[in-house]
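Summary of the model geometry
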Amino acid sequence: MHRRVRLDNLRGMDPVTLEVTITDVLRKPMGQIEPITLVDLLALATAELPASLRPAIRRFCDRIAREIADIPDGASWSAFLAEIDELPPERIPPWLREQLQLEAAREDRPPVSIERLQASLERWSAVAPEPFNLGTRGIKVARRAAAPPASSAPPKRRSRASSGPRASTSSRSRAPKQAEDPERQLLISQTVQERLAKYAAKGLAEFALLKSVPMQIASEQPGVTGAEVLAVLRDLEGKGIVRRTSGRWLLADRSYS
């Protein structure tokens, strides 16, 4: 059974980060995408998008339209409508409302399916859809503070009386090592390898992986940083699973499992 993909905080995201984040999800079938993420992606059909993203969104919407039309009546159709009905009405985008209007006009849908759908459409009509606005919000990158300038004066000699044991001084100055979470690292590793497997020929730019992987797994492992992803990449590189070339990461020349 496939795990459904959920992408949070898409609205207000800057175009570059948005494109990196959703590229893989746009290739997934509707059943593998969480409903709240699905409606946000469909809302892009009426958003002001960069030219590089428009064809992918158009293809995605065309495919979703076919998938909706292919949902059989009965339990499958009821389950689909139930999931959409659970969402806030303002999150139901114009594209999906229009597509479902077409479904309501089909003559080959039984009356019970049409009645259920018309009830939803009527309820949504009282609430204006929330527009999908792009922004300038990307992922914040923590900058390392600059080291203070080195002093040209020779270091002061400490007297034996004032100096304590070296071991205690070292233990006080050394920061405690943060405990590693094997489950968190495993999920990062699996996600990295899944993404690289889809781009086996050219791989992915390092910056794209550091941005997109934390977003992709945010619902399961919140707060993953680019530094954690990079650490996992280097570990996989040491094991011969991935390799880095010209700022891009690729799966090594071996069968992917």
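So, a few notes on the structure that sits alongside this text. Since we're looking at a predicted model, the values are computed, not measured. (Residues numbered from 1 in each chain as written. Predicted model: local features only at pLDDT ≥ 70, side-chain atom pairs only at ≥ 80, totals over all residues. Heavy atoms only, no water.)

A closer look at helix H5 (residues 94–104)
Taken together, the buried positions of H5 are occupied by Trp-95, Leu-96, Arg-97, Gln-99, Leu-100, Glu-103 and Ala-104. On the buried face of H5, the contacting elements are helix H2 (35–43), helix H3 (54–69), helix H4 (75–85) and helix H6 (111–125). (Buried < 20%, exposed > 50% of the residue type's maximum accessible area, 1.4 Å probe, protein only. Helix = DSSP H or I, 4+ residues; strand = E, 2+ residues; numbered from the N terminus. Contact = heavy atoms within 4.5 Å.)

A closer look at the sheet that holds strand E1 (residues 204–205)
Sheet strands pair by backbone hydrogen bonding; their relative direction is either parallel or antiparallel. Spatially, E1-E3-E2 is the arrangement adopted by the 3 strands of the open sheet, whose pairing is antiparallel. Where the open sheet ends on each side, the last strands, each with one partner, are E1 and strand E2 (242–245). Examined bridge by bridge, E2 and strand E3 (residues 248–251) share 4 bridges and lie antiparallel to one another. Its bridge partner lying in E3, Arg-243 is registered against Leu-250. (Pairing = 2+ DSSP bridges.)

Brief notes about the pattern of salt bridges
Two side chains of opposite charge can pair, provided their charged atoms sit close to one another. Summed over all chains, the structure comprises 17 salt bridges. The closest approach of N and O atoms between Arg-109 and Glu-103, which form a salt bridge, is 3.1 Å. Comparing Arg-109 with Glu-103, the two get one shared label, buried. Linked by salt bridges that have partners in common, Asp-73, Glu-103, Arg-106, Asp-108 and Arg-109 make up one network. (Salt bridge = Lys/Arg side-chain N within 4 Å of Asp/Glu carboxyl O.)

Some points on the side chain of Glu-103
Among the structural elements, Glu-103 can be located in helix H5. The buried category is assigned to Glu-103, whose relative accessible area is 3%. In this structure the side chain of Glu-103 is engaged in a polar contact, spanning 3.1 Å, whose partner is the side chain of Arg-109. Not counting residues up to four positions away in its chain, the partners in contact with Glu-103 are Ile-68, Ala-69, Trp-77, Arg-109, Ile-114 and Leu-117. (Polar contact = N/O pair within 3.5 Å; in protein donor to acceptor, adjacent residues only side chain to side chain.)

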